[in-house]
Amino acid sequence: MSHGHSPRPLSSRRTGPLAGTALVPGDKSISHRALILGAMAVGRSEITGLLEAEDVLGTAEAMRALGADVERQGEGHWAVHGVGVGGFAEPQSVLDFGNAGTGSRLVMGAIATTPISAVFTGDASLRRRPMGRVLEPLTKFGATYVAREGGLMPLTLTGASDPICIDHTVTVASAQVKSALLMAALNAPGQTRIAQTALTRDHTEKMLAGFGAKIAVESLPDGGEAVYVTGEVDLKPSDVEVPRDPSSAAFPLVAALIVPGSEVTIPGVLLNPRRTGLLETLREMGADIAIVNRRFSGGEEIGDLVARHSALRGVDVPAARAPAMIDEYPILAIAASFADGRTTMRGLEELRVKESDRLAAMSAGLKACGVTHEELPDGLIVDGRQGMAGGARVATHMDHRIAMSFLVAGMAAEHPVSVDDTAMIATSFTGFETLMRNLGADFVQVNA
Ligand code: S3P
C-alpha cells in the first residue's frame, strides 16, 4: 500500500430532490471478520457481498501474508482457504494496514497466540492511533511486543509459544479490543472469559458461533456481557453473506432527509441492534424512515430503508447509545445542523481516537460552515437552524467519514461545501461519488 497521495478535493453544491435506489457496499466490520475467521478455519469458506474497499483489501493481503489462500472469484465474491487455528506462518514482510484500525487490531489478536512475529504499520492516521489497548491485554495470553512510545505503530508483535487462557475485563468501549481478545483465545488452551460493560457490536461472537467455535455469552448485572471462548477447537469453514453497511447507508440516508423533496431507498441494510443507533436517533428527530422487508441474511437481520425529506428537530442523544452508532456521529452532526433546535451528543471520548479526532474535525468543519455549536471534551452540542450557510472548504484529516459527512452537508447548504481530500473515501465506501451522483448529488472537481 502506498501512502503518499496527492489530495483530491471535491465540492458539493445544493441540489434538487434526490431520488432512486442506493445499493451501498458490504459491511466493513463483517467483511474483515469473514476474511480472518475464514483464514483460521480448516478448509474453504466462500464470502459474498464482501466490501472491496482498501481497508478490507488490506486484511485480505495480510491473510495471504500469513499463509491463507485468498482468491477473488467475482464482484464481492471471495474464497478463503484457511490454515486452521494456530496455523499462521510468519509473514516475510511488514503488514501494512493503511488506514484500517479494525483490520490491524483484529489481526494482532489473531496472531497473538501463535509463535510468529509480525511487524504492523499503517498510514499517518493509523500510526497516530493507540494500539496499547489491544497489545497490553494480549500480553496476558503470553504475547510480547515492541512499539513506538505510547503504543504506536510501527510495532512488532510476537505471539505466545505457550499461550494461556485469560479472564479479562475490557474497560474501553471498543468492539475491536473485545474481538482481538476473542480471536487470541482461539489458540489458548482452556476457557477464556472476556467481559465488557459497553454493549459493543457482536459480529465476532456471532460469526465465531457460525464457524463452529465453542462460545457462550452471559449477561452481567452491570448491563454488560461476558463472552466465553474455549481454545484449541478447530474452526469449520463457513460461507458468509455480508449484509450492506449501515455506516455507509448513513450518508445517502441523511442526504435524503435534508434535501427537500427527496425519497431514497436503500435495500438490504444490516439491522443488527448494536448498529441501529443512528436510525433510532433520526426517528426521534422526526425523520421519515420506513424499514420494510425485514428478513435474515447470513445470521444477521437486514431490511430495506426508505427515507424521505423530513422536518427534523433537535434531541438529546443518550450517552449509552454511543456504541450502537459510534461511527455515525459525524453525519448525525450534519443532520442536527439541518434540524430545528439543539442536539446534544455525549459519551463520545472514543471519537477522539478514530481515523481523526472526530470531535475536533467536526467542530472545525461546522464552524467553517457557520453552524452554531459547542465542542465538549466528550461530545458535541449543535444548535440546529434548519440549514447551514456552507461556503467553506473543510479539512478531513485523512478521515473518510468526515469527507463524506461534509459532502452530504453541501447537498443542502446555501453555499457549496468542499472537502480538501476525498481519497480516503475509498477505504470504506467504494463507488460513493457515483452512488451519490446517481441520486442527484452535484459534486464538482476543484483544484487542490
Ligand atoms: C469496529 C469497531 C469500532 C468502529 C470501527 C469498526 C469493528 O471501533 O469505530 O469502525 O469492526 O469492530 P472501536 O472498537 O475502536 O470502537
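This structure is a prediction, so every number in the text was calculated from the model and none was measured. (Residues numbered from 1 in each chain as written. Predicted model: local features only at pLDDT ≥ 70, side-chain atom pairs only at ≥ 80, totals over all residues. Heavy atoms only, no water.)

**Some points on the site of the ligand**
Item 1. What surrounds the ligand is the set K28, S29, R33, T102, A173, S174, A175, Q176, R201, I326, D327 and K354.
Item 2. Here an oxygen atom of the ligand sits 2.7 Å away from a polar atom, N or O, in the side chain of S29.
Item 3. Contact between the ligand and R33: an oxygen atom at 2.6 Å from a side-chain N or O atom of the residue.
Item 4. Taking 390 Å² as the accessible area of the ligand by itself, protein coverage stands at 96%.
Item 5. When residues of the shell around the ligand are traced back to their parent elements, those giving at least two are α1 (28-40) and α5 (175-185). (Near = heavy atom within 4 Å. Polar contact = N/O pair within 3.5 Å; in protein donor to acceptor, adjacent residues only side chain to side chain. Areas by Shrake-Rupley, 256 points an atom, 1.4 Å probe, with all protein chains shown as cover. Helix = DSSP H or I, 4+ residues; strand = E, 2+ residues; numbered from the N terminus.)

**A short note on the environment of K354**
Item 1. Structurally, K354 can be placed in the loop between β19 (340-345) and α10 (358-368).
Item 2. The class of K354 is buried, set by a relative accessible area of 14%.
Item 3. Once residues lying within four places of it in the same chain are set aside, the contact partners of K354 are R129, I326 and D327. (Buried < 20%, exposed > 50% of the residue type's maximum accessible area, 1.4 Å probe, protein only. Contact = heavy atoms within 4.5 Å.)

**Things to note about the domain arrangement of the protein chain**
Item 1. Considered domain by domain, the protein chain is made up of domain 1 (10-26 + 243-445) and domain 2 (28-241).
Item 2. On a C-alpha basis, the centres of domain 1 and domain 2 stand 29 Å from each other.
Item 3. Across the boundary between the two partners, domain 1 contributes 28 residues, which contact 30 residues of domain 2.
Item 4. Note on domain 1 versus domain 2: buried area summed over both sides is about 2400 Å², and carbon and sulfur give 45% of it.
Item 5. On the domain 1 side of the interface with domain 2, the three residues burying the most area are R274, E355 and T427, jointly 26% of the side's total. (Domains from an automatic or database assignment. Buried area = accessible area lost by both parts, 1.4 Å probe.)

**Observations regarding the side chain of S104**
Item 1. Here S104 shows up in helix α3 (residues 101-111).
Item 2. Apart from residues lying up to four places away in sequence, S104 is in contact with F97, F120, L126, M131 and M153.

**Focus: the sheet that holds strand β16 (residues 288-297)**
Within a sheet, each strand pairs with its neighbour through backbone hydrogen bonds, oriented either parallel or antiparallel.
Item 1. Pairing in this open sheet of four strands is mixed, and the strands run β2-β15-β17-β16 from one edge to the other. Each edge of the open sheet carries a strand with a single partner, namely β2 (19-21) and β16. In this sheet, neighbouring strand axes are inclined to one another by 15 degrees on average, regardless of whether the strands run parallel or antiparallel.
Item 2. Looking at chain direction, β2 and strand β15 (residues 263-270) are connected through three bridges and run parallel. (Pairing = 2+ DSSP bridges. Axes fitted to C-alpha atoms, helices over the stretch in contact; angles between N-to-C directions.)

**Here's the deal with the nonpolar core**
Generally speaking, a soluble globular protein has its nonpolar side chains buried in company with each other.
Item 1. Of all hydrophobic cores here, the largest spans 76 residues; its most connected members are L282, I334, M345, F406 and M436.
Item 2. In terms of residue count, helix α7 (residues 246-258) provides more of this core than any other element does, nine residues in total.
Item 3. The residues contacting F406, other than those within four sequence positions of it, are I334, M362, G365, L366, C369, V394, V417 and V419.
Item 4. Counting 67 residues, the second-largest nonpolar core is a separate cluster that includes L51, I116, F120 and V229. (Core = buried A, V, L, I, M, F, W, Y, C linked by side-chain atoms within 4.5 Å.)

**Remarks on the sheet that holds strand β10 (residues 167-170)**
Item 1. One open sheet holds the four strands; their spatial order is β10-β11-β13-β12, and the pairing between them is mixed. Edge strands, defined here as strands with exactly one partner in the open sheet, are β10 and β12 (214-219). Sheet twist, expressed as the average angle between the axes of neighbouring strands with direction ignored, equals 20 degrees.
Item 2. Judged from the six bridges that link them, strand β11 (residues 191-196) and strand β13 (residues 225-230) form a sheet pairing that is antiparallel. For I194, the partnering residue across the bridge sits in β13 and is V227.
Item 3. Strands β10, β11 and β13 of the sheet are contacted by α5, whose axis makes an angle of about 175 degrees with β11.

**Points about the environment of D27**
Item 1. Within the secondary structure layout, D27 lies in the loop between β2 and α1.
Item 2. By relative accessible area, which is 0% here, D27 ends up buried.
Item 3. Note: C-alpha distance between D27 and T197 (170 residues apart in sequence) is 24 Å.
Item 4. The residues contacting D27, other than those within four sequence positions of it, are L51, H203, V242, P243, R244, D245, P246, L270 and R275.

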